[in-house]
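This is what each chain is made of:
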Amino acid sequence: MSRILVIEDEFAMRHALEDLLTSQGHRVITAADGAIGLERARTERPDLVLLDVMLPKVDGFTLAAELRKTGCKVPILLLTARGGVDDRVTGLDAGADDYLAKPFDPQELLARVRALLRRVERAGALVERVRLGEVDVDFIRQTARRGVETLHLTPKEFAMLRMLVEARGGVVTREQFLDAIWGYNAFPTTRTVDTHMAGLRAKVEEDPAQPRHLLTVHGTGYRLVGDSRPGEAGGEGERVDGA
Ligand code: CA
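The shown structure was predicted, so the numbers you read here are calculated from the model rather than taken from an experiment. (Residues numbered from 1 in each chain as written. Predicted model: local features only at pLDDT ≥ 70, side-chain atom pairs only at ≥ 80, totals over all residues. Heavy atoms only, no water.)

**Q** Account for the pattern of salt bridges, with residues named and values stated.
**A** Inspection of the entire model under this criterion finds 16 salt bridges. The partner of aspartate 97 in a salt bridge is arginine 119, and the shortest N-O contact between them spans 3.8 Å. One end of the pair, aspartate 97, is in the loop between helix 4 (85-94) and strand 5 (98-101); the other, arginine 119, is in helix 5 (residues 106-125), and 22 residues separate them in sequence. If you follow the salt bridges from partner to partner, you end up with Glu8, Asp52 and Lys102 in one network. (Salt bridge = Lys/Arg side-chain N within 4 Å of Asp/Glu carboxyl O. Helix = DSSP H or I, 4+ residues; strand = E, 2+ residues; numbered from the N terminus.)

Below, the structure written as structure tokens:
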């Protein structure tokens, strides 16, 4: 099951897409204009966005470009009513991953959705480990060690760290942590995130009072900074991912 955001102003089309995707076991979030769509894409962290081009308030091209500008990597399938080459090129340039011209065959839409979701799964599965200073974290085996010393991270701490690695240096907000890790049915506060981050820092950082890797972004959330020592890989830690 994946979480799919459908941004479409046309009532009948929006509901047809919702029914179609729900029938395949997906959870569907909808937005009827570009402004709400942009907000939901940011706050709900969907696995895929179906994006209409002609939308009130914020059009599909602008929306896709806005998401990419802020580092959001969610796959976007653009639904265009116009079949012109220019439109498709503009859409792909704006950051869409694929496009489909209306009217479309539902089976073709589902095939493209499956293809995009497979791509995400592959990319996600490749985030296997990260190295932060002397600390090695293996997300597959859920182990962390500093040299020979084993660090006992909780599942929530592993999940938080993984989200930060996947954000590639971008900010992960407290709300995003809560939505992804604690879920919608729990009632933690944003303070919960800070408490768990303090726990993670205590284990991973050499000096938790002056963190070098798990940095606070004032009023927003956290971001991850890796090492950039000569001869060592990356400014984002030595991550293995699908980039
Ligand atoms: Ca439309």
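**Q** Can you break down helix 4 residue by residue, with the values?
**A** Along helix 4, the positions that sit buried rather than exposed are Asp87, Gly91 and Ala94. Axial view of helix 4: buried residues confined to an arc of 65°, hence all on one face. Set apart from the buried face of helix 4 by more than 90 degrees, the exposed residues are Val85, Asp86 and Asp93. Next to the buried residues of helix 4 lie helix 3 (60-69) and strand 4 (76-80). Where helix 4 terminates, the next one or two residues include glycine 95, which has phi positive at roughly 120°. (Buried < 20%, exposed > 50% of the residue type's maximum accessible area, 1.4 Å probe, protein only. Arc of directions from axis to C-beta. Contact = heavy atoms within 4.5 Å.)

**Q** I'd like a description of the packing of helix 6 (residues 155-166) against helix 8 (residues 190-204), backed by residues and values.
**A** Contact geometry for helix 6 and helix 8: axes closest at 10 Å, N-to-C directions at 90°. In terms of axis orientation, helix 6 runs roughly perpendicular to helix 8. Note on element contacts: helix 8 touches helix 6 through Val193, His196, Met197, Gly199, Leu200 and Lys203, opposite Lys156, Glu157, Met160, Leu161 and Leu164. Its residues assigned to classes, the contact of helix 6 with helix 8 comprises six nonpolar, two polar and three charged. (Axes fitted to C-alpha atoms, helices over the stretch in contact; angles between N-to-C directions. Parallel < 35°, antiparallel > 145°, perpendicular 65-115°, else oblique. Nonpolar A, V, L, I, M, F, W, Y, C, P; charged D, E, K, R; others polar.)

**Q** Before we move on, could you go through the coordination of the calcium ion and cite the residues and values that matter?
**A** Distances from the calcium ion to its protein donors, Asp9 (OD), Asp52 (OD) and Met54 (O), fall within 2.1 to 2.3 Å. All donor residues of the calcium ion come from one chain, and their arrangement in sequence is D-x42-D-x1-M. We classify aspartate 52 as buried; its relative accessible area is 4%. (Donors = N, O, S within 2.8 Å, 3.2 Å for Na, K, Ca; no water.)

**Q** So what's going on with the sheet that holds strand 10 (residues 172-173)? Residues and values would help.
**A** Across the sheet, which stays open at both edges, the three strands sit in the order 10-12-11 with antiparallel pairing between neighbours. Strands at the two margins of the open sheet, each flanked by one partner only, are strand 10 and strand 11 (214-217). Where strand 11 and strand 12 (residues 221-224) come together, four bridges link them in antiparallel fashion. Residue pairing across strands places threonine 216 opposite tyrosine 222, the latter belonging to strand 12. Those strands touched by helix 6 are strand 10, strand 11 and strand 12, and its axis lies near 65° from that of strand 12. Helix 8 contacts strand 11 and strand 12 of the sheet and is inclined by roughly 150° relative to strand 11. (Pairing = 2+ DSSP bridges.)

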